[in-house]
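Okay, here's what each chain looks like letter by letter:
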Amino acid sequence: MREDIYSESMSPLDHFIRDLDERKGKIPCCQEVTDIQSSVENVLKDLLLEVEKVHPFLKTTLINSGSFYEGTKIGQPDEFDYFVQLDNLSEPTDVLVDELSRSNVVVIPTVSGFTKLQKGFRKTRVSLCPNFDWKGRVKEPFVTTFNIKAKGFEAYGMKVSRVSKTHGPAYCLELEWTGGNLYRGLKISVDLSLAVKINFRSATMDLDLETPAGKVIKSLLDSLPYYYAVSAYNHLFDDCPDDESSDLFQ
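Residues numbered from 1 in each chain as written. Predicted model: local features only at pLDDT ≥ 70, side-chain atom pairs only at ≥ 80, totals over all residues. Heavy atoms only, no water.

> How should I be thinking about the pattern of salt bridges in this particular structure?
Side-chain pairing between opposite charges can occur once the charged atoms of the two side chains come close. Within this structure, the stated rule accounts for 6 salt bridges. Between K59 and D87 there is a salt bridge whose closest N-O contact spans 3.4 Å. With K59 in the loop between α3 (31-54) and β1 (60-65) and D87 in the loop between β2 (79-86) and β3 (95-99), this pair connects stretches of sequence that are 28 residues apart. K59 gets classed as partly exposed once you look at its relative accessible area, which sits at 39%. The exposure class assigned to D87 is buried, which follows from its relative accessible area of 15%. Ionic contacts of the salt-bridge type, sharing partners, join the residues K159, E176 and K187 into one network. (Salt bridge = Lys/Arg side-chain N within 4 Å of Asp/Glu carboxyl O. Helix = DSSP H or I, 4+ residues; strand = E, 2+ residues; numbered from the N terminus. Buried < 20%, exposed > 50% of the residue type's maximum accessible area, 1.4 Å probe, protein only.)

> Explanation requested: the packing of aromatic side chains in the structure shown.
For the coordinates displayed, the defined rule picks out 7 aromatic pairs. With a centroid separation of 5.2 Å and an interplanar angle of 85 degrees, the aromatic rings of F68 and Y69 are classed as edge-to-face. Looking at F68, the relative accessible area reads 14%, which means it is buried. A ring pair is formed by F146 and Y171, whose centres lie 5.1 Å apart and whose planes are at 80 degrees; its orientation type is edge-to-face. Remark: Y171 occurs in strand β6 (residues 170-177) and F146 occurs in helix α6 (residues 130-149); sequence separation between them is 25 residues. Ring pairing ties together the aromatic residues F68, Y69, F80 and Y82, which thus form one cluster. (Phe/Tyr/Trp six-rings, centres within 6.5 Å; stacked < 30°, edge-to-face > 60°.)

So this is what it looks like as structure tokens:
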């Protein structure tokens, strides 16, 4: 259908929605949006380096995620999402992953992965239930360091409005943009989810990989890493209670 004929057949509501989508829905491509993105990333990199200084085992890589980086964010550049990859626990032999009912996924350290954790936290009490207590071990230093160090980012055009808020499995840091003109005073929510990288698919994934389409899917699955957030196991195992620190990052 020709564009002019299609436009004439549209109702006033259709015109309004199209105008909203084309002019108001998308975040404009401008230098200030780029500056906000860079400032958010610099704040996070500074905080993660502070964690690593105290706990060298907790070396991390910031992984972009969410609608802003996918190019689907609408409105304002006020929400940023990241995985914080635990580099020293993201080798193929470090973790086991399995799928349970109701779309639950279990990710636990292997024997070699747990050995890494023990060496990385030599001064910490060794858990009697290592496969589940490890979550609290890696979450606690991030929460503690963020609560202490999340300040003094004026050089990046940012100030911290709030720390310690949780959002699902993520730690939520609330910032305020103090630079620029268009978005000055903008409240920005940053979600950080500690995660391990999985370089293989679950053995219980129900896919027929022998069909032509399945072979294409398999090649994609084999080439793309997965990122699983370090979060709660929803008390699936009653004989393995979490300690108090296990709830810090949920």
